[in-house]
Amino acid sequence: MTDGLDRTVLYDLHVELGARMVPFAGYEMPVQYPMGVMQEHLWTREKAGLFDVSHMGQVILRPKSGDVADAALALETLVPVDLLGLAPGRQRYGFFTNDAGGILDDLMIANRGDHLFVVVNAACKAADLAHLRKHLPDGCEVVEVTDRALLALQGPAAEAALVGIAPDVAAMRFMDVIITDTIFGPLWVSRSGYTGEDGFEISVLSDQAEALARALLTHADVAPIGLGARDSLRLEAGLCLYGSDLDPATTPVEAALTWAIQKARRAGGDRAGGFPGADVVLRQLADGPDRLRIGLRPEGRAPMRAGTALFDAETGGSAIGHVTSGAFGPTIEAPMSMGYVSAPLATPGTPIWGEVRGKRLPATVTALPFRQATFKR
Amino acid sequence: MKFTEEHEWLRVEGDVVVVGITEHASEQLGDIVFVELPEEGMTVSKDDEVVVIESVKAASDILAPLDGEIVEVNDVLADNPAMVNDDPTGDGWFFKMKIEDMSVLDDMMDEAAYKKYIG
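Residues numbered from 1 in each chain as written. Chains lettered and ligands numbered in written order. Predicted model: local features only at pLDDT ≥ 70, side-chain atom pairs only at ≥ 80, totals over all residues. Heavy atoms only, no water.

## Thoughts on the interface of chain A and chain B
Here is step 1 of the chain: Between chain A and chain B, the residue contacts involve 13 residues of the former and 16 residues of the latter.
Here is step 2 of the chain: Carbon and sulfur atoms make up 49% of the surface buried where chain A meets chain B, a total of about 1,200 Å² over both sides.
Here is step 3 of the chain: Summed over the three residues of chain A that lose the most area to chain B, namely R301, R305 and R357 of chain A, the buried surface amounts to 47% of that side.
Here is step 4 of the chain: Scanning the region where chain A abuts chain B turns up 3 salt bridges. (Contact = heavy atoms within 4.5 Å. Buried area = accessible area lost by both parts, 1.4 Å probe. Salt bridge = Lys/Arg side-chain N within 4 Å of Asp/Glu carboxyl O.)

## Looking at a negative patch on the surface
Here is step 1 of the chain: A cluster of acidic residues, D48, E49, D61, D67, E100, D101, D106 and D107 of chain B, forms a negative patch at the surface.
Here is step 2 of the chain: As for its position among the elements, D61 of chain B is in strand β7 (residues 59–63). (Patch = residues over 30% accessible without salt bridge, like charges linked within 9 Å, V, L, I, M, F, W, Y side chains within 5 Å. Areas by Shrake-Rupley, 256 points an atom, 1.4 Å probe, with all protein chains shown as cover. Lys, Arg positive; Asp, Glu negative; His and termini not counted. Charge placed at Lys NZ, Arg CZ, Asp CG, Glu CD. Helix = DSSP H or I, 4+ residues; strand = E, 2+ residues; numbered from the N terminus.)

## A short note on the pairing of strand β10 (residues 148–154) of chain A
All names here are of chain A.
Here is step 1 of the chain: For β10, the buried fraction is high: 7 of the 7 residues fall into the buried class.
Here is step 2 of the chain: In this sheet, β10 lies alongside strand β4 (residues 48–52) in antiparallel orientation, the contact comprising 4 bridges. Pairing of L50 across the sheet is with L153, part of β10.
Here is step 3 of the chain: Where β10 lies against strand β13 (residues 199–205), 7 bridges are found, and the strand directions are antiparallel. Looking across to β13, one finds that L151 is bridged to I202. (Buried < 20%, exposed > 50% of the residue type's maximum accessible area, 1.4 Å probe, protein only. Pairing = 2+ DSSP bridges.)

## A few points about the domain arrangement of chain A
Residue and element names in this part refer to chain A.
Here is step 1 of the chain: Domain boundaries assigned for chain A yield domain 1 (6–52 + 147–236) and domain 2 (290–377).
Here is step 2 of the chain: Just the C-alpha atoms count here: the centres of domain 1 and domain 2 sit 30 Å apart.
Here is step 3 of the chain: In total, about 1,600 Å² of surface goes out of reach between domain 1 and domain 2, with carbon and sulfur atoms giving 58% of it.
Here is step 4 of the chain: On the domain 1 side of the interface with domain 2, the three residues burying the most area are F174, L235 and E236, jointly 43% of the side's total.
Here is step 5 of the chain: Linking domain 1 with domain 2 are 2 salt bridges.
Here is step 6 of the chain: Note that E159 is salt-bridged to K376, the shortest N-O span being 3.4 Å.
Here is step 7 of the chain: Summed over the shared surface of domain 1 and domain 2, the number is 15 residue pairs in polar contact (both at pLDDT 80 or more).
Here is step 8 of the chain: Broken down by class, the residue content of the side of domain 1 that touches domain 2 amounts to 6 nonpolar, 3 polar and 8 charged. (Domains from an automatic or database assignment. Polar contact = N/O pair within 3.5 Å; in protein donor to acceptor, adjacent residues only side chain to side chain. Nonpolar A, V, L, I, M, F, W, Y, C, P; charged D, E, K, R; others polar.)

## Here's the deal with the pattern of salt bridges
All names here are of chain A.
Here is step 1 of the chain: The final tally for this structure, using the stated rule, is 26 salt bridges over all chains.
Here is step 2 of the chain: As a salt-bridge pair, E28 and R7 come within 2.8 Å of each other at their nearest N and O atoms. With E28 in strand β3 (residues 27–32) and R7 in strand β1 (residues 6–7), this pair connects stretches of sequence that are 21 residues apart.
Here is step 3 of the chain: A residue is classified by how much of its surface remains accessible, and E28, at 10% relative accessible area, is buried.

Right under this line is the structure:
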């Protein structure tokens, strides 16, 4: 270990594969392999990319009653998502909110029959666990899963690469979750990911993770992909990065994530509100927020990166917001950014300007995603 | 060919000096997606920021290696910035500059010294 950084169980494999390792969320993680960020991105869109996401937190919420509805109702006190309506074998996106309606973390929540399984961001997992343990009732046990690694296999060839190991994945649709026995032990598989591609996230026992990764990598269409390409893939897909695009000062309404707040949790719903900051979030749902997350396409090739100040005019005018993520999109072959602007300027097609190296460069507010997802629905 | 500590290379062609970045630098930067070149005819001083490079990772500035005048820029890079990765010491050059006293090149690193410098 260097500088107190953790390693995932795949560290040695990353090094063997020639990865450049960087500190990320307290872990030494592969930012790229010899293929390079651009080619890794394109490979994932055309074939399949294998990502080590073992740094993320895996948590089981087990109701002592044995009735998953009790866990669902307990977690609903912390996230504005309809979890009672989440069917067994299905997963939903959600977020923890604070008393101001800001986002503490975003997460995936799966109903696994008699308990919930959630996956949270690496940088937030200690705080999330503390949050869950503090606020969930005693009847709901919070168990951090520490004996499992997490892999993501993403791209059009993902199913073909995984089906030989886990035949049951062929029948899965987007956001399905299963537990399936394989020669690599029981795999917890969801058909989801963070790239906008069809694909899977696979929780595997730590002592089987390297063998599973090596088996997947023997498939001619599977290549290891680092965090660099993971970031450009998710940005093309219009997906938020917690800590950049989402933070405790940003509500889900401002973040344009209202699609994740189902009817049951909105005003007039069966279980309206009842989560931290509900007053703020429900008021913004009714009245509209002051600012909104947008997609942005700069003219030319210069990326507008995180922090770029946005204006409503080329000269003079007003500061209207800033970029929270920005990069070059290898698939769209153009720069792309996400950011926040005052709500009246959030309509796609609105011309705005970003200040790059002292110059205001033109850009256009654009509907997200930059590239349509290819999920198996 | 001569080299700077900023990982640029300089090659004398007649009475001008061609400037680009080294293979080592292009590898460190990663895939280059945008190059902003200076104006032809611009007079520059050593260490002026004359080129902006954006890679998949970050933006970087390329500094003028010497005092002089920019006499030609490699316009191809505007549409094909990846040329810098593909052929950093050939077709991926940035600009040509005219300098007063070519003898200043004598004090710069040669290839052996540069290789030692990057270890």
